[in-house]
Amino acid sequence: GILIMESSRMIQIQAELTERAIELLKLPEDSNPLVLDVGCGSGLSGEVLSEHGYQWVGVDISRSMLSVAVDAERKGDVLEWDIGCGLPFKPASFDAVISISAIQWLCNADFSGAVPHKRLSAFFSSLYHSLQRGGKAVLQWYPENSKQMEMVTGVATRCGFTGGLLVDFPNSTKAKKYYLVLFTGGGVQALPQALGTENSTRSQAQVDRSGRSYHDRSGPGNKRGPSHRDELVC
């Protein structure tokens, strides 16, 4: 019973995080976007994308998790891939990108020869090229510390992205959530409003292409057609 409760709770959390990521993307209505789901796992976030009518392609390093997605007949296409080696897609393949609880793994040297900075650079460089110009990525993650936040946002901006780190409920230990909101359009675009920040001025740190950061103090599915994966992979 406990395992079932934990599993259902995990599914609920994953769905809530995905809904928030979609909200932050602010995709135009009736735009029929193609969305990349980085670290898609068993397809829980993809299922939410499908409920919104979005077509999606998912990548994940775990074959067993992807097998669950296939067995569950999720509507998206999935690909087994190590994102730290760079994404394998053709330029401008996607209109938007989401990622739920995945990119923190790029910061770990958890196997011989792993260099976090190189893996982050390979990922963000290929992510930038995989997006349409004017596209947006919303990556929810769990940074360990401020040094890790600076490393990740620094690499993202050096790869061409603008945007920054948005923190929902920054004053709550349990509810605090981190979203890296990235733009490919150039210039400095305002980040969306963080949740639970009516009295906070430190919940949004934006970066320009030089990697400099500053705080924003402004205050408060479609049925699957032919496989997108095969058409988009280089």
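It should be emphasised that the depicted structure is a prediction, and the values quoted were computed from it without experimental measurement.

Conventions used here
Residues numbered from 1 in each chain as written. Predicted model: local features only at pLDDT ≥ 70, side-chain atom pairs only at ≥ 80, totals over all residues. Heavy atoms only, no water. Helix = DSSP H or I, 4+ residues; strand = E, 2+ residues; numbered from the N terminus. Buried < 20%, exposed > 50% of the residue type's maximum accessible area, 1.4 Å probe, protein only. Areas by Shrake-Rupley, 256 points an atom, 1.4 Å probe, with all protein chains shown as cover. Contact = heavy atoms within 4.5 Å. pLDDT = per-residue confidence, 0-100. Axes fitted to C-alpha atoms, helices over the stretch in contact; angles between N-to-C directions. Parallel < 35°, antiparallel > 145°, perpendicular 65-115°, else oblique. Left-handed = near helix turned anticlockwise from the far one by under 90°. Nonpolar A, V, L, I, M, F, W, Y, C, P; charged D, E, K, R; others polar.

**Observations regarding the overall build of the chain**
Scanning the chain from N- to C-terminus turns up six helices and nine strands. Burial status across the chain gives 51% buried among its 234 residues. In the form shown here, the chain has an accessible surface area of approximately 11,700 Å², with 53% of it arising from carbon and sulfur atoms.

**Topic: the environment of L120**
One can find L120 in helix α4 (residues 116–130). Residues L120 and C159, spaced 39 residues apart in sequence, show a C-alpha to C-alpha distance of 9.9 Å. Residue contacts for L120: discarding those within four places in its chain leaves L106, C107, M151, V152 and V155.

**Looking at the confidence of the model for the chain**
When the pLDDT values of the chain are averaged, the result is 84; 78% of them are 70 or greater. Confidence over residues 2–6 falls short of pLDDT 50; this stretch has zero contacts with residues more than four positions distant or in other chains. For residues 208–226, every residue scores under 50 in pLDDT, and the model assigns this stretch 48 contacts once sequence neighbours within four places are set aside.

**Quick look at the environment of E144**
Along the chain, the position of E144 falls in the loop between β5 (131–141) and α5 (146–158). Remark: the alpha-carbon pair of E144 and C107, spanning 37 residues in sequence, is separated by 9.3 Å.

**Examining the packing of α4 against α5**
Here α4 crosses α5 at 45 degrees, and the two axes come no closer than 9 Å. What the angle tells us is that α4 and α5 run oblique. Two packed elements cross with a definite hand, and for α4 against α5 that hand is right-handed. Note on element contacts: α5 touches α4 through M151, V152, V155, A156 and R158, opposite P116, H117, L120, S121 and F124. The residue makeup of the contact of α4 with α5, split by class, is seven nonpolar, two polar and one charged.

**Some words on unusual backbone geometry**
In the Ramachandran plot, K26 falls in the positive-phi region, its phi being about 50 degrees despite a non-glycine side chain. Take K26: it is sitting in the loop between α1 (2–25) and β1 (34–38). Phi is positive for E73, which is not a glycine, with a value near 55 degrees. Given a relative accessible area of 68%, E73 falls into the exposed group.

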